[in-house]
Amino acid sequence: MSETYAYLSTEWRDEALRRLQAELPPEKMNNITTSMSNIYKNCPGDAEKFLMIECIDGKVTRVETGEGDAPDAEFRISGDYETFAKISRAELGSQKALFTGKLKLKGNMAKALKLASLADRINKVLSQIPTKY
Amino acid sequence: MTRILNPNDPYYIDNPGRVKTIQKEMHARGIDVYLGSRVRTMSFILDAFCPWRSYIIIPPEGDPTVFTFVIDAIRLGDETWLDEDHVRAYAPMGGMDQISAVTDYIKEDLGIGKGRIAYEDGISTYTAEGNLTHWEFTRFSEALPGFEWINAHDIIDSISIIKDRGTIERFRKASLIVDEGHKAARAALENGGYKGMTETVIAGIAALAMRKAGSVSEWNFAGLNEISSGYRTGLGACTPPTNREIQAGEPLMLDFHSMFQLALGDHSHNYLIGPATPRQRWHADNFVALVQTVLDNYRAGASPSSLAEIMMDCAESRGCADFTVPGCEHGIGLFGDEWRIGAKADGPIPYWTDPDHVYRENEMVVCAMQYASPSEGIGFRYENDILILKEGCEVMSKFPLAIEEIN
């Protein structure tokens, strides 16, 4: 039986980076340079958490998780922990979450539009990580 | 890919210079940020076709940022001179709706949390004018509580009155394109070609010719190419084409519109489909004489009321004043800038052309004249882009002024 990771833990973060680098080569990420911080509100234990992913020339170079202020990023998406968890469990589409206001995006929407499919690819990889929420 | 401005292009417009002029006026009025929403404002600043509801944020210095409907943001970014970071989108998403996107940008990206904010309000005959709606104003006000709201559309209206070289060249080109439409229409009508032809078909023949010549749109809001035949020529100054067939013994009015780099070609030409009666010919000769009289009197220093007076005096002397619609022109600028002449909104009747507006050199109007005898089923229209000169005017469509009888 494969190992299960606590959501947003350092182990989960490392596994996320490993899988993203392995499954999403630069050409699959359209060789883009961008970054995104997800801000998790109403987390278990009340602390605000974040997940930050950075991509340089298409290579996923950085995945950060933690509590408190999120690193600066080109896009900032905020929402409830449970909303993000549902997206990671593939129970809710990220676009539906945005269109219903469950997630709030900050950043250049015109640019974000070009990245929507890439974000879906990232979410798909993350949803494959055996995770304990 | 952002468009690179080229000062050597004959159609070049110094858009960054326009922004600096606006910012200078904002500074003079103590305005901290300008929130533009009108179509004419988008055209004037972005120099790109911006048909969807958009908001342009002009900071005290630096480039403005436009927010437009997400489906069109990438295309707009490709056509305007602003770079990708300054062309943004709103969408029905959390944090990205119009109110959130615009107000977050002002507060967080520009770091302006209070002060005086300019916006655009007023009234227009033009449905697509784009003044801020009551709903928008209310929501923006709630989201920007520290701001004093100043209606300041006159800043852009004032700056846009006198046309620069590139704008004038664009209008010349748009007008020559309209002439191609008229040539094609005339060729299609003559030698009995009109028989069985509908108003919509002649509109389409002209549209194709103008598109081939470089027009991107029959831009007009009131029916694209406006056509009237027979009794419809006497119905007034707005005639979207119908499926009515053009017939012998009737008048025909062709009002074609072209758009070239946001400049709006607009020329109306009239015919009598033979055989014409002496009474029809009399009306036609009156109208041509009236138009020529008005064109002869456009110059810097003239005003809408002085020209209307000259026109009505001429009409009275010819015995056709009862058929002459008072008023000779409407305003014109890049796409979205139509109808009202001048920047003044507090004339005798607010937001209508000030009849005492004094024309200046390099101002443009559409000479727009209408003649109608509805009871006789006859009317004519003249429209043409006019550049005001120190002495006289430049009539941009070169299609000869006449009302020919064609068979």
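Residues numbered from 1 in each chain as written. Chains lettered and ligands numbered in written order. Predicted model: local features only at pLDDT ≥ 70, side-chain atom pairs only at ≥ 80, totals over all residues. Heavy atoms only, no water.

J.: How do you make sense of the sheet that holds strand S5 (residues 75-80) of chain A when you look at a structure like this?
T.: Each strand in a sheet pairs with its neighbour through backbone hydrogen bonds, running either in the same direction (parallel) or in the opposite one (antiparallel). Residues and elements named next belong to chain A. Across the sheet, five strands lie side by side as S4-S3-S2-S5-S6; this open sheet has mixed pairing. Both edges of this open sheet fall to strand S4 (59-67) and strand S6 (103-106), since each of them pairs with a single strand only. The average undirected angle you get between the axes of adjacent strands in this sheet is 15°. Two elements, S5 and S6, share four bridges in a ladder whose sense is antiparallel. Its bridge partner being in S6, Ser 78 is matched across the sheet by Lys 104. (Pairing = 2+ DSSP bridges. Helix = DSSP H or I, 4+ residues; strand = E, 2+ residues; numbered from the N terminus. Axes fitted to C-alpha atoms, helices over the stretch in contact; angles between N-to-C directions.)

J.: Is there a simple way to think about the sheet that holds strand S5 (residues 115-119) of chain B in this case?
T.: All names here are of chain B. One open sheet accounts for six strands, arranged S4-S3-S2-S1-S5-S6; its pairing is mixed. Every interior strand has two partners, whereas the edge strands, strand S4 (87-90) and strand S6 (147-151), have only one. Sheet twist, expressed as the mean angle between neighbouring strand axes with direction ignored, is 25°. Sheet analysis places S5 next to S6, joined by five bridges and oriented parallel. Across the sheet, the residue bridging to Ile 117 is Trp 149, located in S6. Contacts between helix H1 (residues 15-28) and the sheet are confined to strand S1 (33-36) and strand S2 (55-58), with S2 contributing the most and set at about 65° to the helix. (Contact = heavy atoms within 4.5 Å.)

J.: Looking at this structure, I do not really get the confidence of the model for chain B. What am I missing?
T.: Close inspection of predicted coordinates is inappropriate in any region flagged by low pLDDT. On average, residues of chain B score 95 in pLDDT, and 100% of them reach the 70 mark or higher. Across the whole predicted complex the pTM is 0.89, and at the interface the ipTM reaches 0.75. (pLDDT = per-residue confidence, 0-100.)

J.: I tried to follow the domain arrangement of chain B on my own but got confused; where do I start?
T.: Often, the extent of an interface is quoted as the loss of accessible area on bringing the components together. Residues and elements named next belong to chain B. By domain assignment, chain B separates into domain 1 (15-160) and domain 2 (165-406). Contact residues are listed per partner, giving 20 residues for domain 1 and 17 residues for domain 2. Three residues, Arg 40, Phe 49 and Tyr 126, lead the burial of domain 1 against domain 2; their summed loss comes to 35% of the area buried on that side. If you look at where domain 1 meets domain 2, you find three salt bridges. Between Asp 47 and Arg 170 there is a salt bridge, and its shortest N-O distance comes to 2.8 Å. Put simply, domain 1 and domain 2 have eight residue pairs in polar contact (both at pLDDT 80 or more) between them. Elements supplying a minimum of two residues to the side of domain 1 that touches domain 2: helix H2 (39-46) and helix H6 (154-159). Split by residue class, the side of domain 1 that touches domain 2 holds five nonpolar, eight polar and seven charged. (Domains from an automatic or database assignment. Buried area = accessible area lost by both parts, 1.4 Å probe. Salt bridge = Lys/Arg side-chain N within 4 Å of Asp/Glu carboxyl O. Polar contact = N/O pair within 3.5 Å; in protein donor to acceptor, adjacent residues only side chain to side chain. Nonpolar A, V, L, I, M, F, W, Y, C, P; charged D, E, K, R; others polar.)

J.: Help me understand the environment of Ala116(A) in this model?
T.: For Ala116(A), the position within the fold is in helix H4 (residues 109-127). The class for Ala116(A) is partly exposed, based on a relative accessible area of 24%. (Buried < 20%, exposed > 50% of the residue type's maximum accessible area, 1.4 Å probe, protein only.)

J.: In this structure, what is going on with unusual backbone geometry? I would like to understand it.
T.: Across residues other than glycine, the phi torsion is negative in most instances, and most of the peptide bonds are trans. For the bond from Gly274(B) to Pro275(B), the omega torsion is 0°, close enough to zero to count as cis. Checked against the element boundaries, Pro275(B) lands in the loop between strand S9 (263-273) and helix H9 (278-297). Even without being a glycine, Asp57(A) presents a positive backbone phi close to 50°. Examined against the element boundaries, Asp57(A) turns out to sit in the loop between strand S3 (49-56) and S4.

J.: Where do I start with the pattern of salt bridges in this structure?
T.: Applying the stated criterion across every chain yields a total of 42 salt bridges over all chains. The shortest N-O distance in the salt bridge between Arg62(A) and Glu64(A) comes to 3.5 Å. Judged by its relative accessible area of 29%, Arg62(A) falls in the partly exposed class. On the basis of relative accessible area, Glu64(A) is assigned to the partly exposed category, the value being 26%. One salt bridge connects Glu148(B) with Arg116(B), and the closest N-O pair in it is separated by 3.3 Å. Here Glu148(B), found in strand S6, pairs with Arg116(B), found in strand S5; they are 32 residues apart in sequence, far enough to count as distant. The class for Glu148(B) is partly exposed, based on a relative accessible area of 42%.

J.: In this structure, what is going on with the packing of helix H1 (residues 10-23) of chain A against H4(A)? I would like to understand it.
T.: Geometrically, a packed helix pair is captured by the angle between its two axes and the distance between the axes. Residues and elements named next belong to chain A. At a minimum axis separation of 9 Å, H1 and H4 run at an interaxial angle of 125°. With respect to each other, H1 and H4 are oriented oblique. Crossing geometry of H1 relative to H4 is assigned as right-handed. Where H1 approaches H4, its residues Trp 12, Ala 16, Arg 19, Leu 20 and Glu 23 are matched on the opposing element by Ile 122, Val 125 and Leu 126. Residue composition of the contact of H1 with H4, by class: six nonpolar, no polar and two charged. (Parallel < 35°, antiparallel > 145°, perpendicular 65-115°, else oblique. Left-handed = near helix turned anticlockwise from the far one by under 90°.)

J.: What am I meant to see in the packing of aromatic side chains here?
T.: All names here are of chain B. For the structure on display, the rule yields 24 aromatic pairs over all chains. With a centroid separation of 5.6 Å and 70° between ring planes, the pair formed by Phe 67 and Tyr 105 is classed as edge-to-face. With Phe 67 in strand S3 (residues 65-69) and Tyr 105 in helix H4 (residues 98-109), this residue pair connects regions lying 38 residues apart in the sequence. Tyr 105 carries the same exposure label as Phe 67, and that label is buried. Arranged with centres 5.8 Å apart and planes meeting at 45°, the rings of Phe 323 and Tyr 371 form a pair that is tilted. Taken as a pair, Phe 323 in the loop between helix H10 (304-318) and strand S10 (329-332) and Tyr 371 in strand S12 (residues 364-373) lie far apart in primary sequence, 48 residues in all. A cation sits over an aromatic face here: Arg 139 above Trp 135, 4.9 Å from the ring centre. Positioned above the aromatic ring of Phe 260 is the side chain of Lys 173, whose terminal nitrogen or guanidinium carbon lies 5.8 Å from the ring centre. (Phe/Tyr/Trp six-rings, centres within 6.5 Å; stacked < 30°, edge-to-face > 60°. Lys NZ or Arg CZ within 6 Å of the ring centre and 35° of its normal.)

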